[in-house]
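One letter stands for each residue in the lines below.
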Amino acid sequence: GNSVTQMEGPVTLSEEAFLTINCTYTATGYPSLFWYVQYPGEGLQLLLKATKADDKGSNKGFEATYRKETTSFHLEKGSVQVSDSAVYFCALSSSGGSNYKLTFGKGTLLTVNP
Amino acid sequence: SQTIHQWPATLVQPVGSPLSLECTVEGTSNPNLYWYRQAAGRGLQLLFYSVGIGQISSEVPQNLSASRPQDRQFILSSKKLLLSDSGFYLCAWRAVVPGPMVQYFGAGTRLSVL
């Protein structure tokens, strides 16, 4: 079946530091890949997505590249801000079979200190 | 534009009491609808999803049930709450269109069972 593995958190950084959150996946076919962000006490928001190999999703300074050869979709940001403190979820949707559902990773808590 | 509403935002209930959480979507027709639970410090667990009125798929056996009485209304219920039902409940929707399966989330309901 499908699965998503994210790096264990929590991750604590100083403002303006470089961020990487690793995400690898297992899926049949050609899945679409997503990063969602959850700010404290809120629901999830779509941060970025990629639908095919070598696609780069980007939003709000965050980037992730769909790497089929390494089955990875790592999230990066060059300079984090305190307002980026949140939980980040990597997710995939399979291209076939039960394609109604997203498979989520367990989430990575990011704390950015001033 | 499409919006999703969940209520209540916070709920404290005694063990053994009934539960009803409601979710409505505006601005779209025939969406796929989802209920997730997020226990403290853990990832997202898909509880139910629905592809149409009266059509409910359950992902895990448990103390909860779901119903979809109208196209854009999704209700999560329980006859008798357990302590283990505490958590953050999220409703989500997805437009049934070609392309990547983006889900959009409500703000969530924090349920405490005491």
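Residues numbered from 1 in each chain as written. Chains lettered and ligands numbered in written order. Predicted model: local features only at pLDDT ≥ 70, side-chain atom pairs only at ≥ 80, totals over all residues. Heavy atoms only, no water.

(A) Local environment of the overall build of chain B. Along chain B, the regular secondary structure elements total zero helices and 11 strands. If you list the helices and strands of chain B from N to C, you get β-β-β-β-β-β-β-β-β-β-β. In terms of overall dimensions, chain B is globule-like: its C-alpha atoms have a radius of gyration of 14 Å, near the 13 Å expected for 114 residues. Expressed as lengths along the three principal axes of its C-alpha atoms, the size of chain B is roughly 45 × 30 × 25 Å. Here chain B holds 114 residues, and the buried ones make up 47% of them. Of all intrachain contacts in chain B linking residues separated by at least 6 positions in sequence, the fraction that spans at least 24 positions is 55%. (Helix = DSSP H or I, 4+ residues; strand = E, 2+ residues; numbered from the N terminus. Rg over C-alpha atoms; globule rule 2.2 N^0.38 Å. Buried < 20%, exposed > 50% of the residue type's maximum accessible area, 1.4 Å probe, protein only. Contact = heavy atoms within 4.5 Å.)

(B) Layout of the pairing of strand β9 (residues 87–94) of chain B. All names here are of chain B. Where burial is concerned, most of β9 is hidden: eight out of the eight residues are buried. Both strand β4 (residues 32–38) and β9 contribute to a ladder of seven bridges, which runs antiparallel. The residue bridging W35 from the neighbouring strand is C91, located in β9. As paired strands, β9 and strand β11 (residues 109–113) are joined by three bridges and run antiparallel to one another. Bridging across to β11, G87 finds its partner in L111. (Pairing = 2+ DSSP bridges.)

(C) How the structure looks around the sheet that holds strand β1 (residues 3–7) of chain B. Residue and element names in this part refer to chain B. Pairing is antiparallel in the open sheet, where four strands are placed in the order β1-β3-β8-β7. Whereas interior strands pair on both sides, the edge strands pair on one side only; in this sheet they are β1 and β7 (65–70). On average, each strand axis in the sheet is tilted by 20 degrees relative to the strand beside it, whichever way the strands run. One ladder, built from six bridges, connects strand β3 (residues 19–26) with strand β8 (residues 73–78); its direction is antiparallel. Within the sheet, the bridge partner assigned to S20 lies in β8 and is S77. (Axes fitted to C-alpha atoms, helices over the stretch in contact; angles between N-to-C directions.)

(D) Spatial organisation of the environment of A:T51. Structurally, the position occupied by A:T51 is in the loop between β6 (44–50) and β7 (56–59). The partly exposed category is assigned to A:T51, whose relative accessible area is 32%. Taking the C-alpha atoms as reference, A:T51 lies 14 Å from A:Y25; in sequence the two are 26 residues apart. Not counting chain neighbours up to four residues away, the residues in contact with A:T51 comprise A:P31, A:S32, A:Y66 and B:P100. Side-chain polar atoms of A:T51 contact the side chain of A:D55, separated by 3.3 Å. (Polar contact = N/O pair within 3.5 Å; in protein donor to acceptor, adjacent residues only side chain to side chain.)

(E) Highlighting the environment of B:G54. Residue position: B:G54 is located in the loop between β5 (44–52) and β6 (55–58). Sequence spacing of B:G54 and B:R110 is 56 residues, and the spatial spacing of their C-alpha atoms is 26 Å.

(F) Focus on the nonpolar core. Ranked by size, the top nonpolar core spans 26 residues in total, and within it A:L19, A:W35, A:L47, A:L48, A:F73, A:L75 and A:Y88 carry the most contacts. Within the residue set of this core, elements represented by two or more residues are β2 (11–14), β3 (19–21), β4 (23–26), β5 (32–38), β6, β8 (62–65), β10 (86–93) and β12 (108–113) of chain A. For this core, the element with the highest residue contribution is β10(A), accounting for four residues. A:L75 has contacts with A:L19, A:T20, A:I21, A:W35, A:L47, A:L48, A:F62, A:E63, A:A64 and A:Y88, leaving out every residue within four places of it along the chain. With 20 residues, the next largest nonpolar core counts B:I4, B:L21, B:F48 and B:L111 among its residues. (Core = buried A, V, L, I, M, F, W, Y, C linked by side-chain atoms within 4.5 Å.)

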